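Chain by chain, the residues run as shown.
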Amino acid sequence: MKRHFFTIGLISSFLLSAVAHYSGIFPSAVQLAFSCIAIIFVAGFLGKATESVAHYAGERVGGFLNATFGNAAELIIAFFLVKEGKFEIVKASITGSIIGNLLLVLGLSLLIGGLKYKEQNFNIKLASHNGSLMLLAVIALFVPAAFASSLTTIKMSTLSITVAVVLIAAYLLWLYFSMVTHKNELADEAVEHGEPAWSKGLSIFFLVLATAMVAVQSEWLVGTLEVFTHQFGLSELFVGAFVIAIIGNAAEHSAAIMLARKNKIGAAVEIAVGSSLQIALFVAPVLVLISLFFGKTMDIVFTTFELVAIGVAAIIAKSISQDGSTNWYEGVLLLVVYCILGIAFFLV
Amino acid sequence: MKRHFFTIGLISSFLLSAVAHYSGIFPSAVQLAFSCIAIIFVAGFLGKATESVAHYAGERVGGFLNATFGNAAELIIAFFLVKEGKFEIVKASITGSIIGNLLLVLGLSLLIGGLKYKEQNFNIKLASHNGSLMLLAVIALFVPAAFASSLTTIKMSTLSITVAVVLIAAYLLWLYFSMVTHKNELADEAVEHGEPAWSKGLSIFFLVLATAMVAVQSEWLVGTLEVFTHQFGLSELFVGAFVIAIIGNAAEHSAAIMLARKNKIGAAVEIAVGSSLQIALFVAPVLVLISLFFGKTMDIVFTTFELVAIGVAAIIAKSISQDGSTNWYEGVLLLVVYCILGIAFFLV
Amino acid sequence: MKRHFFTIGLISSFLLSAVAHYSGIFPSAVQLAFSCIAIIFVAGFLGKATESVAHYAGERVGGFLNATFGNAAELIIAFFLVKEGKFEIVKASITGSIIGNLLLVLGLSLLIGGLKYKEQNFNIKLASHNGSLMLLAVIALFVPAAFASSLTTIKMSTLSITVAVVLIAAYLLWLYFSMVTHKNELADEAVEHGEPAWSKGLSIFFLVLATAMVAVQSEWLVGTLEVFTHQFGLSELFVGAFVIAIIGNAAEHSAAIMLARKNKIGAAVEIAVGSSLQIALFVAPVLVLISLFFGKTMDIVFTTFELVAIGVAAIIAKSISQDGSTNWYEGVLLLVVYCILGIAFFLV
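Residues numbered from 1 in each chain as written. Chains lettered and ligands numbered in written order. Predicted model: local features only at pLDDT ≥ 70, side-chain atom pairs only at ≥ 80, totals over all residues. Heavy atoms only, no water.

Spelled out, the test is: UniProt positions are given in the numbering used here, feature names are shortened, and annotations may be inferred rather than shown by experiment.
An unreviewed UniProt entry annotates chain A as Ca(2+)/H(+) antiporter of Paenibacillus baimaensis. Turning to chain A, the UniProt record has this under Function (unreviewed entry): "Ca(+)/H(+) antiporter that extrudes calcium in exchange for external protons."

### Some details on the relation of the copies chain A and chain C
Defined as follows: When the copies are overlaid, the least-squares fit takes in C-alpha atoms only where the residue has pLDDT of at least 70 in both copies. Throughout, a residue-residue contact means that at least one pair of heavy atoms, one from each residue, lies within 4.5 Å.
When chain A is fitted to chain C, the best match, at an RMSD of 0.1 Å, comes from turning it 120° and sliding it 0.1 Å along the axis. What the rotation and shift describe, once combined, is the action of a three-fold rotation axis. Looking at the interface residues of chain A, only 3% of them are also at the interface in chain C, so each copy uses its own face.

### Here we look at the interface of chain A and chain C
For the record, the criterion: In this description, buried area is defined as the sum, over both parts, of the accessible area (probe of 1.4 Å) that is lost when the two are combined. In what follows, salt bridge is the name for a side-chain nitrogen of Lys or Arg lying within 4 Å of a carboxyl oxygen of Asp or Glu. The term polar contact refers here to a pair of N or O atoms within 3.5 Å; inside protein, the definition further demands a hydrogen-donor-capable atom paired with an acceptor-capable atom, and it admits residues adjacent in sequence only when both atoms are side-chain atoms. The classification used treats Ala, Val, Leu, Ile, Met, Phe, Trp, Tyr, Cys and Pro as nonpolar, Asp, Glu, Lys and Arg as charged, and all other residues, Gly among them, as polar.
Between chain A and chain C, the contact holds 34 residues from the first and 27 residues from the second. At the boundary of chain A with chain C, total buried surface from both sides reaches about 2700 Å², with 75% on carbon and sulfur atoms. Between chain A and chain C we count 1 salt bridge in total. For the pair chain A and chain C, the interface holds 10 residue pairs in polar contact (both at pLDDT 80 or more). A class-by-class count of the residues in the side of chain A that touches chain C yields 20 nonpolar, 10 polar and 4 charged.

### Observations regarding the side chain of Gln278(A)
The line we're drawing: The helix count covers DSSP runs of H or I at least four residues long, the strand count covers runs of E at least two residues long, and both are numbered beginning at the N terminus. Burial classes: relative accessible area under 20% of the type maximum marks a residue as buried, over 50% as exposed, and values in between as partly exposed (1.4 Å probe, protein chains only).
Note on placement: Gln278(A) falls in helix α10 (residues 265-292). For Gln278(A), a relative accessible area of 6% corresponds to the buried category.

### As for the relation of the copies chain B and chain A
Once chain B is rotated about the relating axis by 120° and shifted along it by 0.0 Å, it coincides with chain A to within an RMSD of 0.1 Å. An overlap of only 3% is found between the interface residues of chain B and their copies at the interface of chain A, pointing to separate contact surfaces.

### Here we look at helix α12 (residues 328-347) of chain A
Residue and element names in this part refer to chain A. Short version of the rule: By this rule, a helix spans an expected 1.5 Å times one less than how many residues it contains.
Compared with the 28 Å implied by 1.5 Å per residue over 20 residues, the 29 Å span of α12 between its first and last C-alpha is a close match. Burial analysis of α12 places 18 of its 20 residues in the buried class, which makes it a mostly covered element. With a side-chain oxygen positioned 3.0 Å from the backbone nitrogen of Tyr-329, the residue opening α12 is Asn-327.

### Here's the deal with unusual backbone geometry
Where the residue is not glycine, phi is negative for most of them; where a peptide bond is considered, it is trans in most cases. All names here are of chain A. In this structure, Asn-263 is a non-glycine residue whose phi angle is positive, near 70°. Counting through the fold element by element, Asn-263 comes out in the loop between α9 (250-261) and α10. For Asn-263, a relative accessible area of 30% translates into the label partly exposed.

### Examining the confidence of the model for chain A
Parts of the model with low pLDDT should not have their predicted coordinates read in detail. All names here are of chain A. So the rule is basically this: By definition, pLDDT measures how confident the predictor is in each residue, and it falls between 0 and 100.
Here chain A shows a mean pLDDT of 84. Residues at 70 or above account for 95%. Of all helices and strands in chain A, the one with the weakest mean pLDDT is helix α3 (residues 59-83) (74), whereas α12 scores best (94). Scored as a whole, the predicted complex attains pTM 0.87, and scored at its interfaces, ipTM 0.84.

### Notes on the interface of chain B and chain A
If you look at the interface, chain B gives 34 residues, while chain A gives 27 residues. Each partner contributes to the roughly 2700 Å² buried at the junction of chain B and chain A, and carbon and sulfur atoms together form 75% of this total. Interface area lost by chain B to chain A is led by Ser132(B), Ile139(B) and Phe147(B), which between them contribute 20%. Linking chain B with chain A are 1 salt bridge, by the criterion used here. Among the ionic pairs, Glu119(A) bridges to Lys125(B), the shortest N-O distance being 3.5 Å. At the boundary of chain B and chain A, one finds 10 residue pairs in polar contact (both at pLDDT 80 or more). Of all the secondary-structure elements, those providing two or more residues to the side of chain B that touches chain A are α5 (124-147) and α6 (153-181) of chain B. In terms of residue class, the side of chain B that touches chain A is made up of 20 nonpolar, 10 polar and 4 charged.

### Let's talk about the pattern of salt bridges
Residues and elements named next belong to chain A. Scanning the model with the defined rule gives 6 salt bridges over all chains in all. We note a salt bridge from Asp-299 to Lys-91, for which the minimum N-O separation is 2.8 Å. Here Asp-299 is found in the loop between α10 and α11 (304-321), whereas its partner Lys-91 is found in helix α4 (residues 87-116), with 208 residues between them in sequence. Accessibility expressed as a relative area gives 27% for Asp-299, which makes it partly exposed.

### Points about a nonpolar patch on the surface
Residue and element names in this part refer to chain B. Definition in use: The residues that make up patches have over 30% relative accessible area and no salt bridge, and they are joined within 9 Å when like-charged or within 5 Å when they are Val, Leu, Ile, Met, Phe, Trp or Tyr. Accessibility throughout is a Shrake-Rupley quantity obtained with a 1.4 Å probe, and a residue counts as covered only by protein chains that appear here.
A contiguous nonpolar surface patch, about 610 Å² in accessible area, is contributed by Ile-76, Phe-79, Phe-80, Leu-292, Phe-293 and Phe-294. When residues of the nonpolar patch are assigned to their parent elements, the largest contribution, 3 residues, is made by helix α3 (residues 59-83). By secondary structure assignment, the location of Phe-79 is in helix α3.

### Considerations on the packing of aromatic side chains
Worth spelling out the cut-off: Pairing of aromatic side chains here covers Phe, Tyr and the six-membered ring of Trp, requires ring centres within 6.5 Å, and sorts the geometry by plane angle: under 30 degrees stacked, over 60 edge-to-face, intermediate tilted.
According to the stated counting rule, one finds 66 aromatic pairs over all chains in the structure shown. Taking 5.5 Å as the distance between ring centres and 80° as the angle between the ring planes, the aromatic pair formed by Trp328(A) and Phe177(B) counts as edge-to-face. With Trp328(A) in helix α12 and Phe177(B) in helix α6, this residue pair bridges two chains. Residues Trp328(A) and Phe177(B) agree in their burial class; the two are buried. Between Tyr171(C) and Phe282(C), the aromatic rings sit 5.6 Å apart at their centres with planes inclined by 35°, giving tilted as the arrangement.

Right, dumping it as C-alpha cells:
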C-alpha cells in the first residue's frame, strides 16, 4: 500500500514537473515548487535502488556505483559548459561538488546516523587511503596554482594537461587497487538486513533509471533556479559552488543519509568521499582533456577562494574520518565548516 | 609541618605583593620580585586545588574546570581591552594564549611527565576529537583572513559575527557531546592516588579562591612588567603574545605540570588543549559579540604572523597528541616550535 | 660464480669511469655511459653492505648508518658550494634531496616491495614520530620565510642562526631518544633471513668503502651531467632539485629498494625518511653555521616553489606512512606527487 503511494507520487510529480518545464505556462514559483517535490521523490527512488544494489554487490561497490551515476549527470552538464568555454562556472561547480560531498553530504550522514547510533564504524584502511587520496587531490590543484604566476599560458596548458593525465592514471590504478588487488582488505563487514524488494537485474535497471531521472530533474531545477537567484542578486560563484552543487548532489544526499540511518555508514562514506574523489581525480581532469577538442585548453588553476574551500574541506574530512569511527558531533563539525565557507562565499 | 610552611608563604607573599602594588613605594624591581614569588605560591595552590577536585570529579572534568577558571581571568582582562577598542592587543593575547597552551604548557607537561614515566597514555578518542576541534579553530580564523581583502568593512563585520555565533554553537554542542552523550567514551581510566587533603566542598571553594588569586596576581604582574618591557624596547606584539601569555597562563602551567608528574597526563592534556580550544572557540567569539555593545565591531581577522603561529601550533600539537601516547621527546618537539616562533616574534 | 661476476663488474666499471673522468680523452657521451654503468654497480655494492650491517645491528640502526653515509657525500659537496657562496644551488639541492627521499626513494620502495608482498608493516610508533619530525622540518623552514619580508638582513641572519642551533639540538636529542631512552619501543620486529655473506667487521668496512665509492662516482657523474644539461637548456633549479638529487641519492635508492624486496620495509623507510629528516634537521642547519666561517651568512629562507615542494612531500609522506602499513598503491601516490612537482619545476 505504502509502496503504491510512493510509485504514484514519483511518476505524477515527475510528469507534472516535465509539463511545467516544457510548456512554460506556469509562473516560475509554481514551476520551482513542482521541481522540488519531484526531486524529493526521484532522490528517494535512487536511494532505494542504491540500497538494493548494495545488498547484492556489497556496501563499497554499491556506494561506488551510486557515486559514479551521480557524477555522470554532473559530467554531462559540465561537458556542455566546457564546449561553450564557460570555464569559471565549471570550476566553481567542481569546487561546490567536492566540498558539498565532503562537508554537507558526509556531515548530514554522520549527524543523522549518529543521532540513531552512538557510534558507527567503517573500514579503517579505507579511511586511511581515502585521506591520502584527498591530499593528492588538494596537492594536484594547489601546485599548478602556486606556479601559475611564473608560467606562460602555453606552459600552463602543458602543466594542466600533464597533471590531468597523471591524475586519471592515479584514479584508474586506485580502482584497480581497491576493486581487484586489495578488494578484501578495504571491504566492510557484511551487515545483513532481510530481503531486498527487487531482483538483482531489476535493482541495477532501477539504479540507472533513477540516476537518469535525477539528472534530468536536476537540470530542470537548476534552470528554474537561475531565474530566481538573479532576482535575489546572488553571485555566480555562490550559486555555482553552493546552490547548484546542493541540488546536483541530491542523489548522493538521499542515498547517503538513508544508508547512514540503516547503520551502513561504510556505504554512506563511500558515496560522499568516493564521489568527491571521483570529481577531483577523474571528472575534473577529463574535462581538461575534453577542452582540448574545442580548441581552447581549460587550465587546472582554481581561484584562491576555491582552493581554500577545497583544502579546508579535505583537511577536516580527513581528520574526522581517519579513525574509521563516527558520531553525531563529527557531523556537526563538518556542517559548521560548510556554514563558514557558505557565509564567506555568499558575502564575497 | 611542610603544609604549614606553604600556607604561611602563600598568604605572606600575596599580601606583600598587594602592598607593593597599591602603595607604589617600592622600586619596580622589588615590586616585580614580590609578584614573581607570589605567583609561584598561588599557582602551586591552584595546582593542589585542581588535583583535589579532579580526585572527586574525574580527570577530564577537573581539567575542564581548571581550564575554564584559568580562562575566566583572561576573559575579564580582555573585556576591558575590547571596551577601550584595543583590538590588536586582544588578538595578540588570544594568539599568545592559544600557542602558549598548545606548545609551552603541553610541551612542559609532556617533557617533565616523560622524564619520570617512559610513556604516558590518555584516551585516544579524546585525542582524535581534540585534533579535529583544533583544526576547526584554525579554519575559522583562516577563512575570514583569506577572504578579507575582497570584503567591505560592513560585510567583514557580518562575516565575523556569523562565524562567532557558529563557533559558540559548535563549542556548546561539544560540551554537550563530551559531558553528556559520549561522556564515558571520552573518559580516562581511573587512576587512584590515596586520599585527597580536602573535602569535596572545600576543594571546589579552594579552586575558585586560587583561580581568583592567580587572576589578581597576574594583573599586578602584567602591570609591573609593562614598565620593564618598555625599558627593554620590546614590541607590543611580542609582549602580548609571549610575555603576558606566559604569565596569564601560570595557572594552567602549574596545574598541568603537577598532574603530569603524578602520571595524570589525561588531565594535563585537557588543561592545555582544552584551554586553548576554549579560547579559540568560545572566548574569542564572545569578545567579538561583546564588541557589538560598544559600538565598533571587532573583526575576527588575525594578522599573517598570528595565523602562522596558531596554524603551526595546532598542526604539531595534533600530530603529537593523536596517538594518545606521550613521551619526553614529544615535549621537546613542542618546545622547539615554541622557541622558533618566539624568536621570530621577538625579531619582527 | 655470480658473486665473482659482480666483483669483476664493480671494479672494472669503477676503474673505467675513473680513467674516463681524469683522462678526458673520451667524448662526454661515452663518459656518461661509463658513469651510469659504474653507479649501478657501486650502488648495488652499497645495498649489499647495508643489508649485511643491518643483519648485525638491527634494521633501524642499519638504515640510520646507510642514511648517514649517504648524506655525508652530499654534505661534502654542499660544503664546497657554501664556501663559494652558491647558496641558491645549495638550497635547491637540499630541497631535491628531501623530496627525492620522501617521494622517489620511499615511493619506489613501497611500490616494488608492494608488488611482491600484499602488505608490509613497520613500527607504528616510529612512523608517528617520523611524521612529527617531518612537520617540525616543514615548520622550521616555513616560519622564517613567512617572516622574511618584515625582517632586515641582519635580523634574518640572527633568526637563521638561532633556528639552525635549535634544529641541531632537536636532532641530537632525537638520536638520544631513538637510540638510547626509547630504543626498544621504536625497534622493528626481528626478521631473520639466513646467514650474511660477510663478518661484522668486514660488513662495516664494506659499508664505508661502498659509500665512499658512491660519493666519488656521484661527483663524477654530476660533472659529466652538467655539460649535458646545459646542452638541453634545463634550468638550474630543475637540475639542482631533480637531476642531481636523483643521482646523489643513488645510494639510498638501491639500498632501500633492495631491503623493501626482502620485506625489510622498516629499514627501507628508515633510509628514505631518516635521510630526508637528517638533511632538513641536521645537514641544512650545519651548512648555515658553516657559512658563518666564510664571512657571509647563508639564510634559511627557501623560495616559495621549494617550500611548496617540501611541504607537499612531507604531508603526503606523513599521511601514507602514519599507519605503519604500506602497499603498492601508496608507492604510486608518492610517485604521482613526485611527477607533478617534477613537471612544475621543469616548466618554471
